[in-house]
Amino acid sequence: MLKERNDKYDGAIQFVDISSQDYSPNDNQGLDYTTAMGRIHAILSDGTVVKDVEAFRKLYEAVGLGWVYAITKYEPVASIAEAVYGVWAKYRLQITGRPPMDEILKSRRKK
């Protein structure tokens, strides 16, 4: 949804493929592959790094859909959303049928 919407907003979001061989932490506020794979991150235009639910909020705001995540700014929804995302981030590879992080990292080192 974000990628399609992004086209209408003149590329407000610059998506970065962290699995690309060209990915450089130096070009991305020092976010290495392991860190970036662990949780969603967004780098704002001023260089500030945000992560987790706040990253989703900022991304959706950038393409005119801020209302989708607006409620996550307020308690108790904020704490619940962060907790749910934390569980998702921890188990997402397993849930989506992908290998564990250590196997992904080992495979990456072989390349």
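Residues numbered from 1 in each chain as written. Predicted model: local features only at pLDDT ≥ 70, side-chain atom pairs only at ≥ 80, totals over all residues. Heavy atoms only, no water.

1. Focus on the environment of arginine 98
Inspection of the secondary structure puts arginine 98 in the loop between helix H4 (77-95) and helix H5 (101-110). With sequence-adjacent residues up to four places away left out, arginine 98 is seen in contact with Met37, Arg92 and Leu93. (Helix = DSSP H or I, 4+ residues; strand = E, 2+ residues; numbered from the N terminus. Contact = heavy atoms within 4.5 Å.)

2. Describing the pattern of salt bridges
Evaluated as defined, the whole model comprises 2 salt bridges. Residues arginine 39 and aspartate 52 are paired through a salt bridge, measuring 2.7 Å at the closest nitrogen-oxygen approach. Highlighted residues: arginine 39 in the loop between helix H2 (33-38) and strand S1 (41-43) and aspartate 52 in helix H3 (residues 52-62), separated in sequence by 13 residues. On the accessibility criterion, arginine 39 (28% relative accessible area) is partly exposed. Taking the relative accessible area as the measure of exposure, aspartate 52 reaches 8% and is therefore buried. Between lysine 73 and glutamate 61 there is a salt bridge, and its shortest N-O distance comes to 3.6 Å. Of the two residues, lysine 73 sits in the loop between H3 and H4 while glutamate 61 sits in helix H3, which places them 12 residues apart along the sequence. Accessibility expressed as a relative area gives 34% for glutamate 61, which makes it partly exposed. (Salt bridge = Lys/Arg side-chain N within 4 Å of Asp/Glu carboxyl O. Buried < 20%, exposed > 50% of the residue type's maximum accessible area, 1.4 Å probe, protein only.)

3. So, the packing of aromatic side chains
Taken as a whole and judged by the stated rule, the model has 3 aromatic pairs. Ring plane angle 10° and centroid distance 5.7 Å describe the contact between phenylalanine 56 and tyrosine 69, whose orientation is recorded as stacked. A residue pair is termed long-range when its members are at least 10 positions apart, and phenylalanine 56 in helix H3 and tyrosine 69 in the loop between H3 and H4 qualify at 13 residues. For the ring pair phenylalanine 56 and tyrosine 85, a centre distance of 5.7 Å and an interplane angle of 70° mean the geometry is edge-to-face. On the criterion of sequence distance, the pair formed by phenylalanine 56 in helix H3 and tyrosine 85 in helix H4 is long-range, its members being 29 residues apart. Classification of phenylalanine 56 as partly exposed rests on a relative accessible area of 22%. (Phe/Tyr/Trp six-rings, centres within 6.5 Å; stacked < 30°, edge-to-face > 60°.)

4. Focus: the side chain of asparagine 28
With respect to the helices and strands, the residue asparagine 28 is situated in the loop between helix H1 (2-8) and H2. Polar contacts involving the side chain of asparagine 28 include one to the main-chain carbonyl oxygen of serine 24, which spans 2.8 Å. With sequence-adjacent residues up to four places away left out, asparagine 28 is seen in contact with Val16, Tyr23 and Ile43. (Polar contact = N/O pair within 3.5 Å; in protein donor to acceptor, adjacent residues only side chain to side chain.)

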